[in-house]
Amino acid sequence: MKLLVDNCLWPGAVKELRERGFDVSWVGEWDADPGDVAILERCIAERYEAELLAGALIIVEEKRTRVRFLDS
């Protein structure tokens, strides 16, 4: 399982997650923390990469994510 972990998490917890087999990307190891909005945008872009490349519009709301394919 892949996890993206904010930099506010204790480094020891990140180490333990990795030891238990989780694929952890910890913001605390990045060159700079881009902020929550940028991190969420990155996650959405990675998750829906194929749909975005196919021309879809991704609409993210608090309780749902909609993928809408636009006519070419």
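Residues numbered from 1 in each chain as written. Predicted model: local features only at pLDDT ≥ 70, side-chain atom pairs only at ≥ 80, totals over all residues. Heavy atoms only, no water.

(A) Seen up close, the overall build of the protein. When helices and strands are counted, the protein shows three helices and four strands. Expected size for 72 residues packed as a compact globule is a radius of gyration near 11 Å; at 15 Å, the protein overshoots this value by more than 25%. In the protein, which comprises 72 residues, the proportion classed as buried is 12%. Long-range contacts, defined as pairs at least 24 residues apart, comprise 9% of the intrachain contacts of the protein with a sequence gap of at least 6. Total accessible area on the protein is roughly 5900 Å²; 52% of this is exposed by carbon and sulfur atoms. Across the protein, the 10 positively charged side chains and the 15 negatively charged ones have centroids separated by 6 Å. (Helix = DSSP H or I, 4+ residues; strand = E, 2+ residues; numbered from the N terminus. Rg over C-alpha atoms; globule rule 2.2 N^0.38 Å. Buried < 20%, exposed > 50% of the residue type's maximum accessible area, 1.4 Å probe, protein only. Contact = heavy atoms within 4.5 Å. Areas by Shrake-Rupley, 256 points an atom, 1.4 Å probe, with all protein chains shown as cover. Lys, Arg positive; Asp, Glu negative; His and termini not counted. Charge placed at Lys NZ, Arg CZ, Asp CG, Glu CD.)

(B) Local environment of the layout of surface pockets. Quantified by volume, the largest pocket comes out at close to 220 Å³. What lines the largest pocket is Lys2, Leu3, Leu4, Asp23, Val24, Ser25, Trp30, Arg42, Cys43 and Glu46. Of all the elements in the fold, those that place two or more residues in the lining of the largest pocket are strand 1 (2–5), strand 2 (23–26) and helix 2 (36–47). Per-class residue counts for the lining of the largest pocket are five nonpolar, one polar and four charged. (1 Å grid on protein atoms, 1.4 Å probe; cavity = no way out; pocket = protein on both sides within 12 Å on 5 of 7 lines; lining within 4 Å. Points joined across faces, edges and corners; volume = space filled by probe spheres on them. Nonpolar A, V, L, I, M, F, W, Y, C, P; charged D, E, K, R; others polar.)

(C) Broad picture of the environment of isoleucine 44. Considering the arrangement of structural elements, one finds isoleucine 44 in helix 2. Expressed as a C-alpha distance, the spacing of isoleucine 44 and asparagine 7, which sit 37 residues apart in the sequence, is 19 Å. Those residues in contact with isoleucine 44, other than ones at most four positions away along the chain, are Ile58 and Val60.

(D) Just helix 2, in detail. For helix 2, with twelve residues, the first-to-last C-alpha span of 16 Å sits near the 16 Å given by 1.5 Å per residue. When you tally the buried positions in helix 2, you get one out of twelve residues, a small fraction of the element. (Expected span 1.5 Å × (residues − 1).)

(E) Main features of the pattern of salt bridges. Summed over all chains, the structure comprises five salt bridges. Its salt-bridge partner being lysine 15, residue glutamate 19 comes within 3.9 Å of it at the nearest N-O pair. With a gap of four residues between them, glutamate 19 and lysine 15 both fall in helix 1 (residues 11–19), about one helical turn apart. Exposure remark for lysine 15: the relative accessible area of 54% places this residue in the exposed category. Put simply, arginine 42 and glutamate 46 hold a salt bridge, and the shortest N to O gap is 3.2 Å. Here glutamate 46 and arginine 42 lie together in helix 2, a separation of four residues that amounts to about one turn. (Salt bridge = Lys/Arg side-chain N within 4 Å of Asp/Glu carboxyl O.)

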